[in-house]
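Single-letter residue listing:
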Amino acid sequence: MKEFDLLCKEVEKLNSEEYVEFLKIKSLKLLASLKLITDNGIEGDIAFCSFMIGSVVADGKLSEEEYILILPLLRAFFGEDVNYEECKKIISKSLKENKEIKNTIDTMVDVFGMLSDELKEDAITVCLLICSIDGKISFKEKKWIKQLIK
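In short, a report on the structure. (Residues numbered from 1 in each chain as written. Predicted model: local features only at pLDDT ≥ 70, side-chain atom pairs only at ≥ 80, totals over all residues. Heavy atoms only, no water.)

### Some remarks on the overall build of the protein chain
Thought 1: Summing up its helical and strand segments, the protein chain has eight helices and zero strands in all.
Thought 2: Listed by position from the N terminus, the elements making up the protein chain come as α-α-α-α-α-α-α-α.
Thought 3: Expressed as a percentage of the 150 residues in the protein chain, the buried residues total 43%.
Thought 4: Long-range pairs, those at least 24 residues apart, make up 72% of the contacts in the protein chain with a sequence separation of at least 6.
Thought 5: A total of about 8700 Å² of accessible surface is found on the protein chain, and carbon and sulfur atoms cover 55% of it. (Helix = DSSP H or I, 4+ residues; strand = E, 2+ residues; numbered from the N terminus. Buried < 20%, exposed > 50% of the residue type's maximum accessible area, 1.4 Å probe, protein only. Contact = heavy atoms within 4.5 Å. Areas by Shrake-Rupley, 256 points an atom, 1.4 Å probe, with all protein chains shown as cover.)

### Thoughts on the packing of helix α1 (residues 4-12) against helix α8 (residues 139-146)
Thought 1: Between α1 and α8, the least distance of the axes is 12 Å, while the angle of their chain directions is 125 degrees. The angle between α1 and α8 falls in the class oblique. Here α1 and α8 pass one another in a crossing that is right-handed. When α1 is examined against α8, the residues Phe4, Asp5 and Cys8 are found in contact with a partner set consisting of Lys142, Ile145 and Lys146. (Axes fitted to C-alpha atoms, helices over the stretch in contact; angles between N-to-C directions. Parallel < 35°, antiparallel > 145°, perpendicular 65-115°, else oblique. Left-handed = near helix turned anticlockwise from the far one by under 90°.)

### Looking at the nonpolar core
Generally speaking, soluble globular proteins have nonpolar side chains that are buried together.
Thought 1: Judged by nonpolar contacts, the single largest core of 37 residues is most densely connected at Leu62, Ile124, Leu128, Ile130 and Ile145.
Thought 2: Tallying contributions element by element places helix α7 (residues 117-131) first for this core, with nine residues.
Thought 3: The contact partners of Leu128, leaving out residues within four places of it in the chain, are Phe4, Leu7, Cys8, Val11, Ile137 and Ile145. (Core = buried A, V, L, I, M, F, W, Y, C linked by side-chain atoms within 4.5 Å.)

### Describing the pattern of salt bridges
Thought 1: With the rule as written, the count across this model stands at four salt bridges.
Thought 2: Two residues, Glu118 and Lys29, come together in a salt bridge whose shortest N-O distance is 2.4 Å. Linking Glu118 in helix α7 with Lys29 in helix α2 (residues 16-37), this pair joins segments that are 89 residues apart in sequence.
Thought 3: Residues participating in the shared-partner salt-bridge network are Lys26, Lys29, Glu118 and Asp122. (Salt bridge = Lys/Arg side-chain N within 4 Å of Asp/Glu carboxyl O.)

### Overview of the packing of α1 against α7
Thought 1: Relative to each other, α1 and α7 sit at 45 degrees, their axes nearing to 10 Å. In this view, α1 runs oblique relative to α7, as classed from their interaxial angle. Of the two elements, α1 crosses α7, and the hand of that crossing is right-handed. Judged by residue contacts, Phe4, Leu7, Cys8 and Val11 of α1 engage Ile124, Thr125, Leu128 and Leu129 from α7.
Thought 2: Residues that form the contact of α1 with α7 fall into these classes: seven nonpolar, one polar and no charged. (Nonpolar A, V, L, I, M, F, W, Y, C, P; charged D, E, K, R; others polar.)

These figures capture arrangement, not role.
Pasting the structure below:
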C-alpha cells in the first residue's frame, strides 16, 4: 500500500471532476467485491458503509458537503426522512455511545481480513475521498481510517 500520508495528500489535491470520477470507480469496484466475499452480500456493504460514516464524523463534525455525499447511505440506515439537522443529532449521539463505534471498527477489521491488498487500498482511498470532500482530511479522520491498516 502507498504511504498513508502520501495517499492523503494525493486525495486532497484532486479537483472536483477527478474526485467524482475516482470516487465512483473505486466505490463501485469495492462494493461489488464486498458483495462477493460475504455470505449474504449485505454484511460487507453495511460494515463498510458504517465505517465510511464513522470516517466522515471521526473529527466530531459533519459538514453539509459531507452530509450530501453520504446522504444515500444515511437514508439506507435511518430512513428516507433523515435531514441534515437530524443527521447531526444522530451522529452526535453515536459519537457519545462509543460501543456502537467499537463494533463498527471490529466488523470492518474482520471484513478487511477477507480483502486483497488492492481492495484494502481501494477501501482506504474511498474513506479518504469522502473525508476530503471539504478539502482537508483531519488528524482525527486519518486516525480513524488508519485502524484499517493495522
